[in-house]
Amino acid sequence: MSRIGRLPVEIPAGVTVTVAEGNKVTVKGGKGTLERVLPAEMEIKVEDNHVIVSRPNDLKKMKSLHGLTRTLIHNMVVGVDKGYEKKLEVNGVGYRAAKQGKKLVLSLGYSHPVEMVDPEGLESVVEGNTITVKGIDKEKVGQYAAEIREKRAPEPYKGKGIKYADEVIRRKVGKTGKK
């Protein structure tokens, strides 16, 4: 048995989970609604405040889908209940981030400002040199945060660029002078 797939997903108060035909799972909560079509081979049951995922047989593909399906449902439940957020830090002289309506404007040492429009269902908040991406879909929050970071990834010599708040940049020693 998959150790993760075997665990039931607890449904908190105020969250409803419905499973339609074709394993279309809909999760409704205080922060919004998420829908996802999950692998048809998995059997998904909602029983007294728990979601239980079971697999038909022990083929390698079924084992891997078992844990994946359970984790996707868990991420949806946590998303509509509490939401997800990722923090990014802007480091470097003259590097700045600002908000203009739904646009995130980044000054990253290029000849032009980099403008990014917040995707549907996501929100970015700028406080000083910190950008916080918030939303209910874990996948979309992580993707948008990665796209922001990609605009100027941190470099190893001075540590300038956009990094995740919990990321540690491995620093390198610069050139040495002539002896």
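Up top you'll find the structure we're talking about.
Worth saying up front: this structure is predicted, and the values here are computed from it rather than measured.

1. Focus on the packing of aromatic side chains
One pass over the structure, following the stated rule, counts 0 aromatic pairs. Its guanidinium or amino end placed over the ring of Tyr-164, Lys-86 lies 5.1 Å from that ring's centre, counting from NZ or CZ. When the ring centre of Tyr-110 is taken as origin, the NZ or CZ atom of Arg-152, which lies over that ring, is 4.3 Å away.

2. A short note on the sheet that holds strand S3 (residues 24-29)
Spatially, the 3 strands line up as an open sheet ordered S2-S3-S4, and their pairing is antiparallel. Looking along the sheet, the strands with just one partner apiece sit at the ends: strand S2 (16-20) and strand S4 (32-37). For this sheet, the mean angle separating the axes of adjacent strands, direction not counted, is 15 degrees. Sheet topology places S3 next to S4; 6 bridges connect them, and they run antiparallel. Pairing of Thr-26 across the sheet is with Glu-35, part of S4. Its contacts with the sheet place helix H2 (residues 60-81) against S2, S3 and S4, and it is angled at close to 170 degrees to S4.

What counts, and where the lines are drawn
Positions within a chain are numbered from 1, following the residues in the order the chain's sequence is written. Local features in this predicted model are restricted to residues of pLDDT 70 or higher, and side-chain atom pairs are both shown and tallied only at a pLDDT of 80 or more, whereas totals for entire chains, interfaces and linings draw on every residue. With hydrogens and water stripped out, all remaining heavy atoms of the structure feed into the side-chain values. Stacked, tilted and edge-to-face are the three classes applied to pairs of Phe, Tyr and Trp rings, where Trp contributes its six-membered ring and a pair requires centres within 6.5 Å; stacked means planes under 30 degrees apart, edge-to-face means over 60, and tilted covers the rest. As a reminder, the over-ring test applies to NZ of lysine and CZ of arginine, requiring each to be within 6 Å of the ring centre and within 35 degrees of the ring normal. Strand pairing is defined by DSSP finding a minimum of two bridges between the two strands. Helix and strand assignments follow DSSP, with helices taken as H or I runs no shorter than four residues and strands as E runs no shorter than two, numbered in order from the N terminus. Between the N-to-C directions of two axes lies an angle of 0 to 180 degrees, each axis being a line fitted to C-alpha atoms and, for a helix, fitted only over the stretch in contact. Contact criterion: two residues are considered in contact whenever any of their non-hydrogen atoms come within 4.5 Å of each other.

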